[in-house]
Amino acid sequence: MFTTKQEKTLGLFSNWTGRAMRLLATLCLSAPTFTLATMSSGQWVTQDHLAELVDPALIPKDATVQVELSKAEPRLSNGQCPAALFSNARSNRMWGRTFVQVQCVGSDQAPFFVGVDIKVWAPVLVVKQTIQPGEAIRPDEVEFRTMDLTQLQNGWVDDIARLDNKTATRQLFPGTMLRQDYFKGQPLIKVGETVKIIVKGPGFSIGGSGVAMETGEKGDVIRIKTPQGKILNGVATDPLLVEVSL
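Residues numbered from 1 in each chain as written. Predicted model: local features only at pLDDT ≥ 70, side-chain atom pairs only at ≥ 80, totals over all residues. Heavy atoms only, no water.

Q: Talk me through the environment of Arg 97; I want residue IDs and the actual numbers.
A: Looking at the element boundaries, Arg 97 is found in strand E3 (residues 97-105). Along the sequence, Arg 97 and Thr 150 sit 53 residues apart, while their C-alpha atoms lie 8.8 Å from each other. Sequence-distant contacts of Arg 97, defined by excluding residues within four places in its chain, comprise Ser 70, Val 116 and Asp 117. (Helix = DSSP H or I, 4+ residues; strand = E, 2+ residues; numbered from the N terminus. Contact = heavy atoms within 4.5 Å.)

Here it is in structure tokens:
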């Protein structure tokens, strides 16, 4: 038998449980109004917010993301799924044609997967006129065009500064999208050349010389052999100049 105090405690617990269950039911019925920012798990969104499931690390600056169902899904329109929420598995790369999981709130419908088509629109560099192999690529010979990055299998170039001191590795025709392997830089240092070395550390800088053991463009890390036979790794910063950080 319960004492009067225990009965009161059980009564309060019962009332609290009832209120909690009613609140949970209300939240479930209103789930379609929640976005990724308000869902407690941070993984479930409505169909209007599918773009929020795309990993931000995959999206370059100034890009626009578009996510749509690959085809009509009857289970989302026949009344069996009154409130649909979508999520993505951590191992699934949200890029191009892929899939997401659907959870029907307020229904006995088992979770299922649907196909989605992801497009990431962003400006990339495209050649305006024919460029011959070995010719420098000038800024006035390229232009930006907005393209779907998910359809570009071999990368793209979205920064005109990356063309500085670069020449074409192949013939490029008007309309060709620039890729990293379509151009190369002019080497600042060639193997066997004597270079100036600047060794920098906290509060000091020391100059010296050495022989380049590798050919390098600007920003490349190359090996330098000093007159004492020591091997240093430094960054090619200017013609015949290497900086070594300690």
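Q: Give me the side chain of Asp 148: which residues, what numbers.
A: Its place among the elements puts Asp 148 in strand E5 (residues 142-148). Relative accessible area serves as the criterion here: at 7%, Asp 148 is assigned to the buried category. Within the structure, the side chain of Asp 148 is placed 3.1 Å from the backbone nitrogen of Val 120, a separation counted as a polar contact. (Buried < 20%, exposed > 50% of the residue type's maximum accessible area, 1.4 Å probe, protein only. Polar contact = N/O pair within 3.5 Å; in protein donor to acceptor, adjacent residues only side chain to side chain.)

Q: So, the packing of aromatic side chains: which residues are in play, and what are the values?
A: Summed over all chains, the structure comprises 1 aromatic pair. Summarising the aromatic geometry, the rings of Phe 99 and Phe 113 are spaced 5.6 Å apart at their centres and angled 80° between planes, so their arrangement reads as edge-to-face. Separated by 14 residues along the polypeptide, Phe 99 in strand E3 and Phe 113 in strand E4 (residues 112-127) bring together distant segments of the chain. Across from the ring centre of Phe 112, 3.9 Å away, lies the NZ or CZ of Arg 75, which sits over that ring. (Phe/Tyr/Trp six-rings, centres within 6.5 Å; stacked < 30°, edge-to-face > 60°. Lys NZ or Arg CZ within 6 Å of the ring centre and 35° of its normal.)

Q: Describe the nonpolar core, naming the residues involved and giving the relevant values.
A: Counting residues in hydrophobic clusters, the biggest one holds 23 residues, and the most contacted among them are Leu 53, Phe 86, Val 100, Ile 118 and Leu 149. In terms of residues, this core owes the most to one element, E4, which gives 7 residues. Not counting residues within four places of it along the chain, the set of residues in contact with Leu 53 comprises Gln 43, Val 45, Phe 86, Ser 87, Asn 88, Met 94 and Val 100. (Core = buried A, V, L, I, M, F, W, Y, C linked by side-chain atoms within 4.5 Å.)

Q: Got a sec to walk through the sheet that holds strand E12 (residues 241-245)? Specific residues and values, please.
A: Strand order around the closed barrel formed by 5 strands is E8-E9-E10-E11-E12, with mixed pairing between neighbours. With direction set aside, neighbouring strand axes in the sheet form an average angle of 50°. Where strand E10 (residues 221-225) and strand E11 (residues 231-238) come together, 5 bridges link them in antiparallel fashion. Note on E11: the bridge partner recorded for Ile 222 is Gly 234. (Pairing = 2+ DSSP bridges. Axes fitted to C-alpha atoms, helices over the stretch in contact; angles between N-to-C directions.)

Q: Give a detailed account of the state of the cysteines, specifying residues and quantitative values.
A: Two cysteines form a disulfide when their sulfur atoms are joined by a covalent bond. Counting across every chain of the model gives 1 disulfide. Each disulfide pairs two cysteine sulfurs, and for Cys 81 the partner residue is Cys 104, the sulfurs being separated by 2.0 Å. Disulfide Cys 81 to Cys 104: torsion about the S-S bond roughly -110°, handedness left-handed. Remark: Cys 104 occurs in strand E3 and Cys 81 occurs in the loop between strand E1 (64-69) and strand E2 (83-87); sequence separation between them is 23 residues. (Disulfide = S-S within 2.5 Å.)

Functional significance is not addressed by these values, which are geometric in nature.
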